[in-house]
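Here's the letter readout for the chains.
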Amino acid sequence: MSVRARPDACPGVFATHDAADGALARVRLPGGRVTAAQLDVLAGCADDLGDGSVHLTSRGNVQLRGLSRDTGELVGRLSDAGLLPAPSHERVRNFLASPLSGLAGGAVDVRPLVAELDAAVCAEPELAELPGRFLFALDDGRGDVAAEDADLCWQALDSRTGVVLRAGEAGPRVPVGEAARALVREALRFLEIRGSAWRMRELPGFSGETRPARPVPVGPFARDDGGRGMCVAPLFGQLTAAQLRSFRCDVVVTPWRSIVVPEFRADLLALSNDTEVTACIGRPGCAKSRADVRADARRVTARAHFSGCERRCGKPRGAVDVVAADGGYLVDGTWVPAEAVVDVLGQKGNR
Ligand code: SF4
């Protein structure tokens with residue numbers, strides 16, 4: 001079992017992270033769901049209190065950066081918008097759900113299960129002690145969020161039943177109506193046996209089996225009811241406050257730093273980027289970064305992730321690994337000068 005020398009310090013809103021560009025607050029969005037009114041509040045907070053942008057995360061949450069260390073006003077605005085309903089459990093409300101569930105495909109509409117699971121987790125005082133990295137997922141059968149490294153996932157097998165996955169490994173079969181309770185029981189059991197482990201896969205006997213990533217495709221999609229929706233993927237998952245306000249509808253933030261919009265909107269196409277490159281915040285936002293990785297990543301279109309240091313924050317599985325080092329980058333472990341990184345990644349993409 002791995003032994004963690006320090007407590008988990010995942011940021012929230014009540015406990016922010018001290019970044020080089022100010023305090024960073026992560027706002028949990030169970031199942032990625034956020035209403036039009038809440039988008040407006042987040043945009044206002046970004047404009048008035050932060051760096052003017054909202055940053056989508058790889059767990060379907062949002063972050064605000066460049067904040068004051070005194071978060072009193074932020075807490076007040078987010079609480080009034082219903083975005084902080086359970087202060088004691090704020091950092092453990094990490095719930096992924098299949099973003100297209102109820103709109104297109106899937107064996108079960110898992111949207112009601114998100115609310116059930118949220119309520120069931122917040123009703124257990126002990127679960128406030130879960131590590132902030134612990135991740136729950138509700139997969140409607142298509143295998144999208146089941147592939148996202150959740151500690152505990154319920155994945156539908158058909159319209160009535162599903163299987164509990166522990167760090168990706170199949171456990172008991174559980175009916176839809178008992179999924180939330182089953183995941184809570186498993187989480188309580190994890191707390192009993194975890195020692196200093198943060199994640200299920202750190203326990204003995206768990207291999208942390210990985211599955212092929214299955215992100216929601218960017219662009220329009222056909223809804224089951226005959227209409228059309230769309231998935232918008234802003235470059236680096238970053239939207240200005242004005243761009244966020246332009247949605248004007250309830251949306252779903254996906255774990256692939258994109259946004260599912262239930263109705264197709266031609267005016268939102270311009271927000272999407274057609275590259276597959278991703279990057280951590282890099283310099284100047286993060287003091288650990290050795291480079292302005294986003295400036296370099298903008299020159300690339302390949303499925304590659306640029307990181308300012310070995311922590312590789314937000315790296316999607318399967319992306320070419322590009323880590324800043326000694327005036328250049330380690331591309332899948334091989335050093336290349338910064339000016340050659342575009343060519344090297346272009347060649348990799350053409351193989
Ligand atoms: S990968 Fe390193 S440089 Fe980039 S945001 Fe994370 S800690 Fe900072």
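Look up: the structure comes first, before these words.
Note that the structure is predicted; figures quoted are calculated from it, not measured.

Caption draft 1: Structural detail: the overall build of the protein chain. A tally of helices and strands in the protein chain yields seven helices and 20 strands. At 20 Å, the protein chain has a C-alpha radius of gyration in line with the 20 Å of a compact globule built from 351 residues. A principal-axis box enclosing the C-alpha atoms of the protein chain has dimensions of 55 × 50 × 50 Å. Burial status across the protein chain gives 53% buried among its 351 residues. The contacts of the protein chain with a sequence gap of at least 6 include a subset with a gap of at least 24, amounting to 61%. As displayed, the protein chain offers around 15100 Å² of accessible surface, 51% of which is attributable to carbon and sulfur atoms. In the protein chain, 44 positive and 45 negative side-chain charges are present, and the distance between their average locations comes to 3 Å.

Caption draft 2: Region of the structure containing the sheet that holds strand β15 (residues 259-261). Spatially, the five strands line up as an open sheet ordered β3-β14-β15-β12-β11, and their pairing is antiparallel. A single partner strand is all that each edge strand has here, and the edge strands are β3 (33-34) and β11 (219-222). Across two bridges, the pairing between β3 and strand β14 (residues 251-253) is antiparallel. Note that in β14 the partner of R33 across the bridge is V252.

Caption draft 3: Expanded view of the packing of aromatic side chains. Summed over all chains, the structure comprises four aromatic pairs. Seen in terms of ring centroids, F95 and F136 are 5.4 Å apart; in terms of plane orientation they differ by 50°. Their pairing is tilted. With F95 in strand β6 (residues 95-97) and F136 in strand β7 (residues 136-139), the pair connects residues that are 41 residues apart, well separated along the chain. Comparing F95 with F136, the two get one shared label, buried. Chaining the aromatic ring pairs together yields one cluster made of F95, F134, F136 and F190. Of note, R228 hangs over the ring of F264, and the distance from its end group to the ring centre comes to 4.1 Å.

Caption draft 4: The sheet that holds strand β20 (residues 334-337), seen in detail. Strands sit in the order β16-β17-β18-β19-β20 across an open sheet of five strands; the sheet is mixed. Only two strands of the sheet have a single partner each, and these edge strands are β16 (278-279) and β20. Across four bridges, the pairing between strand β17 (residues 304-307) and strand β18 (residues 320-325) is parallel. Each bridged residue has a counterpart across the sheet, and for H305 the counterpart in β18 is D321.

Caption draft 5: Focus on the site of the ligand. In the region of the ligand, the neighbouring residues are C280, I281, C286, K288, S289, G308, C309, R311, R312 and C313. When grouped by side-chain class, the residues that make up the shell around the ligand number five nonpolar, two polar and three charged.

Caption draft 6: Structural context of unusual backbone geometry. Of note, the bond from R283 into P284 is cis; its omega dihedral lies within 30 degrees of zero at 0°. Tracing the backbone through its elements, the reader meets P284 in the loop between β16 and α6 (293-297). One non-glycine residue, A167, lies in positive phi territory at about 45°. What makes A167 buried here is its relative accessible area of 7%. Even without being a glycine, D326 presents a positive backbone phi close to 50°. The topology assignment puts D326 in the loop between β18 and β19 (328-331).

Caption draft 7: Structural detail: the environment of K315. With respect to the helices and strands, the residue K315 is situated in the loop between β17 and β18. K315 sits ten residues away from H305 along the chain, and the two C-alpha atoms are 5.9 Å apart. Those residues in contact with K315 that sit more than four places away from it in its chain are H305 and D321. Among the polar contacts made by the side chain of K315, one reaches the main-chain carbonyl oxygen of A319 at a distance of 3.1 Å.

Caption draft 8: Summary view of the packing of helix α3 (residues 111-122) against helix α4 (residues 179-193). Viewed as axis vectors pointing N to C, α3 and α4 meet at an angle of 40°, and their least axial separation amounts to 9 Å. Helix-helix and strand crossings are classified by hand; for α3 and α4 the assignment is right-handed. From α3, L113, E116, L117, A120 and V121 reach across to α4, where they touch A179, A180, L183 and V184.

Definitions and limits used
Residues numbered from 1 in each chain as written. Predicted model: local features only at pLDDT ≥ 70, side-chain atom pairs only at ≥ 80, totals over all residues. Heavy atoms only, no water. Helix = DSSP H or I, 4+ residues; strand = E, 2+ residues; numbered from the N terminus. Rg over C-alpha atoms; globule rule 2.2 N^0.38 Å. Buried < 20%, exposed > 50% of the residue type's maximum accessible area, 1.4 Å probe, protein only. Contact = heavy atoms within 4.5 Å. Areas by Shrake-Rupley, 256 points an atom, 1.4 Å probe, with all protein chains shown as cover. Lys, Arg positive; Asp, Glu negative; His and termini not counted. Charge placed at Lys NZ, Arg CZ, Asp CG, Glu CD. Pairing = 2+ DSSP bridges. Phe/Tyr/Trp six-rings, centres within 6.5 Å; stacked < 30°, edge-to-face > 60°. Lys NZ or Arg CZ within 6 Å of the ring centre and 35° of its normal. Near = heavy atom within 4 Å. Nonpolar A, V, L, I, M, F, W, Y, C, P; charged D, E, K, R; others polar. Polar contact = N/O pair within 3.5 Å; in protein donor to acceptor, adjacent residues only side chain to side chain. Axes fitted to C-alpha atoms, helices over the stretch in contact; angles between N-to-C directions. Left-handed = near helix turned anticlockwise from the far one by under 90°.

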